[in-house]
Amino acid sequence: MVPNDPKTEVVPPAEAPDDLPLPSDPKVIFLGGLFVLAVLAAAYVVSEIVLPLVFAIVLKLLLQPALRLLERLHLPRILAALLLIIALFGMIIGLGTAISGPARTWAAKLPEGIPRLEERLNFMRAPINTLQLFLQQVENFGETGPSANGAISERGASLLMKLFTGTGNFASGFFTTVLFLFFLLVSGDIFLHRLVEILPRFSGKRQVVEISQQIESDISAYLVTITIMNAAVGIATALAMWLTGVGDPILWGTVAFLLNYVPILGPALGVLIFLLAGLLTIDTLWQALLPAGLYLGFHLIEGETVTPMLLARRFTMNPVIVIVSLVFWFWMWGIPGAILSVPMLAITKIICDRVRPLASFGHFLEG
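Residues numbered from 1 in each chain as written. Predicted model: local features only at pLDDT ≥ 70, side-chain atom pairs only at ≥ 80, totals over all residues. Heavy atoms only, no water.

## Topic: the overall build of the protein chain
A count of helices and strands for the protein chain gives 15 helices and 0 strands. Across the 367 residues of the protein chain, 35% fall into the buried class. At a minimum sequence separation of 6, the contacts of the protein chain that also span at least 24 residues come to 74%. Per element, the accessible surface of the protein chain, about 22,100 Å² overall, is 72% carbon and sulfur. (Helix = DSSP H or I, 4+ residues; strand = E, 2+ residues; numbered from the N terminus. Buried < 20%, exposed > 50% of the residue type's maximum accessible area, 1.4 Å probe, protein only. Contact = heavy atoms within 4.5 Å. Areas by Shrake-Rupley, 256 points an atom, 1.4 Å probe, with all protein chains shown as cover.)

Quick look at the structure:
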């Protein structure tokens, strides 16, 4: 017989929400809230260390199936980890080298193309000016002095500084991410083994093993699935850009592939980018709208039909919580935080579904 501990009882995922326990002790709720706030504050302050570590953990889950495959081929774990890291970052560096030239070309075209864009979008000038005037009046409400354009430019510069700070911190942690990833791949399940050894009860040991296996299985499947689907969207977008005459299919396919990792906001930004690219390169208006329309169609097919159908058996997420998590982690860590928001939310749900005191919160996260 397996002893049952009411505090650590293993529960299946929240399939029947009729008997979900809710925390009743206010001290537990208060201390739990303080603990969460302390963890989030620490993650914000030491983001230069925590962000590469979290990114390495997610990449480890992504590469775990390939690592097990190489181990079945009797490759030593160290050699298999090195091969995977070299292949992954070699592909990233090669792709970055391939798109750097077209990206510089488009960056050089942009200043010259702004008058063309203003001419093509002349019909939108009146509503945009009205909206700007309204926002300026709202901002100036209650102020004694007039608001100069310098304040607007300062806010724009501040926004750009925040964006570049977030991405710059991630770039500066590139080596740290590689280092963490290598040792995570080499160490394997050593942390799980040590945790199982120190837990006093068998029920706790079984619970930890089940949670670990479920996280590895579900998150690996999620990451592999969205990577394959993002690659399919990137290939389809590259073909569309080539057929519509925009050019540089490798650049635009890579942009579509990367933006698709950021839920909702990434595809929305992609539609805007491809709309501007079409307006800059194609003379006929309806043909200039075609690249953005094709990209939106690819995203709707992939994001609203194929990917949900493939992932529905494992987990579904509350879309409102996904948006809140996306915005929050983007504020915390910038673009890398937006990319990591959904995997971290999925890991949180898996853990909550299998720890009885947190089962109600896991059900709340469910779609």
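From this point, the discussion proceeds with the structure in view.
## Some details on the pattern of salt bridges
All told, the structure shown has 2 salt bridges when counted by the stated rule. As a salt-bridge pair, glutamate 216 and arginine 68 come within 2.6 Å of each other at their nearest N and O atoms. You can see glutamate 216 sitting in helix 8 (residues 202–244) and its partner arginine 68 sitting in helix 2 (residues 47–72), a full 148 residues away along the chain. Taking relative accessible area as the criterion, glutamate 216 reaches 18% and is therefore assigned buried. (Salt bridge = Lys/Arg side-chain N within 4 Å of Asp/Glu carboxyl O.)

## Focus on helix 14 (residues 335–354)
An ideal rise of 1.5 Å per residue puts 28 Å on 20 residues; helix 14 measures up with 30 Å between its terminal C-alpha atoms. Within helix 14, 16 of the 20 residues are buried, which leaves the element mostly enclosed by the surrounding structure. (Expected span 1.5 Å × (residues − 1).)

## Section: a nonpolar patch on the surface
Among the surface-exposed residues, Tyr44, Val45, Val46, Ile49 and Trp331 lie close enough to one another that they form a single nonpolar patch of about 570 Å² accessible area. On the secondary structure map, valine 45 appears in helix 1 (residues 26–45). (Patch = residues over 30% accessible without salt bridge, like charges linked within 9 Å, V, L, I, M, F, W, Y side chains within 5 Å.)

## Some details on the side chain of serine 220
Topologically, serine 220 is positioned in helix 8. The class for serine 220 is buried, based on a relative accessible area of 5%. Within the structure, serine 220 has its side chain in polar contact with the backbone oxygen of leucine 61 (distance 2.7 Å). Excluding residues within four positions of it along the chain, serine 220 makes contact with Leu61, Gln64, Pro65 and Ile215. (Polar contact = N/O pair within 3.5 Å; in protein donor to acceptor, adjacent residues only side chain to side chain.)

## Quick word on the packing of helix 2 against helix 6 (residues 174–187)
Packing of helix 2 against helix 6 leaves a shortest axis separation of 8 Å and a crossing angle of 45°. When the interaxial angle is binned, helix 2 and helix 6 end up oblique. You can see that helix 2 and helix 6 cross each other, and the crossing is right-handed. Each of Ile49, Pro52, Leu53, Phe55, Ala56, Ile57, Leu59, Lys60, Leu63 and Leu67 in helix 2 lies in contact with helix 6, whose residues at this interface are Thr176, Thr177, Phe180, Leu181, Leu184 and Leu185. Its residues assigned to classes, the contact of helix 2 with helix 6 comprises 13 nonpolar, 2 polar and 1 charged. (Axes fitted to C-alpha atoms, helices over the stretch in contact; angles between N-to-C directions. Parallel < 35°, antiparallel > 145°, perpendicular 65-115°, else oblique. Left-handed = near helix turned anticlockwise from the far one by under 90°. Nonpolar A, V, L, I, M, F, W, Y, C, P; charged D, E, K, R; others polar.)

## Description of the packing of aromatic side chains
Inspection of every chain in the model, using the stated rule, returns 8 aromatic pairs. Residues phenylalanine 182 and phenylalanine 183 carry aromatic rings whose centres are separated by 5.3 Å and whose planes lie at 80° to one another, so their mutual orientation is edge-to-face. Consider the rings of phenylalanine 274 and tyrosine 295, whose centres lie 4.8 Å apart with planes at 45°: the pair is tilted. Of this pair, phenylalanine 274 sits in helix 10 (residues 265–281) while tyrosine 295 sits in helix 12 (residues 290–311), and the two are 21 residues apart along the sequence. Grouping residues by exposure puts phenylalanine 274 and tyrosine 295 together as buried. Aromatic rings pair up to connect Tyr44, Phe328, Trp329, Trp331 and Trp333 into one cluster. (Phe/Tyr/Trp six-rings, centres within 6.5 Å; stacked < 30°, edge-to-face > 60°.)

## Looking at the nonpolar core
Counting 45 residues, the largest nonpolar core has Leu181, Ile219, Trp333 and Leu340 as the members making the most contacts within it. Where this core is concerned, the elements lending two or more residues are helix 2, helix 3 (77–120), helix 6, helix 8, helix 13 (319–333) and helix 14. Considering each element in turn, this core owes the most residues, 10 residues, to helix 2. Filtering out sequence-adjacent residues up to four positions away, leucine 181 remains in contact with Ala56, Leu59, Lys60, Leu63, Ile85, Leu88 and Phe89. Counting residues in hydrophobic clusters, the runner-up holds 19 residues, among them Met241, Leu259, Phe274 and Leu280. (Core = buried A, V, L, I, M, F, W, Y, C linked by side-chain atoms within 4.5 Å.)

## A closer look at helix 6
The terminal C-alpha atoms of helix 6 lie 20 Å apart, and with 14 residues this matches the ideal 20 Å at 1.5 Å per residue to within 8%. Buried residues of helix 6: Thr177, Val178, Leu181, Phe182, Leu184 and Leu185, and no others. The buried side chains of helix 6 occupy one side of the element, clustering within an arc of 170° when seen end-on. Facing away from the buried surface of helix 6 by more than 90 degrees, the exposed residues are Phe175 and Phe183. Glycine 188 occupies a position one or two residues after helix 6 and carries a positive phi of about 65°. (Arc of directions from axis to C-beta.)

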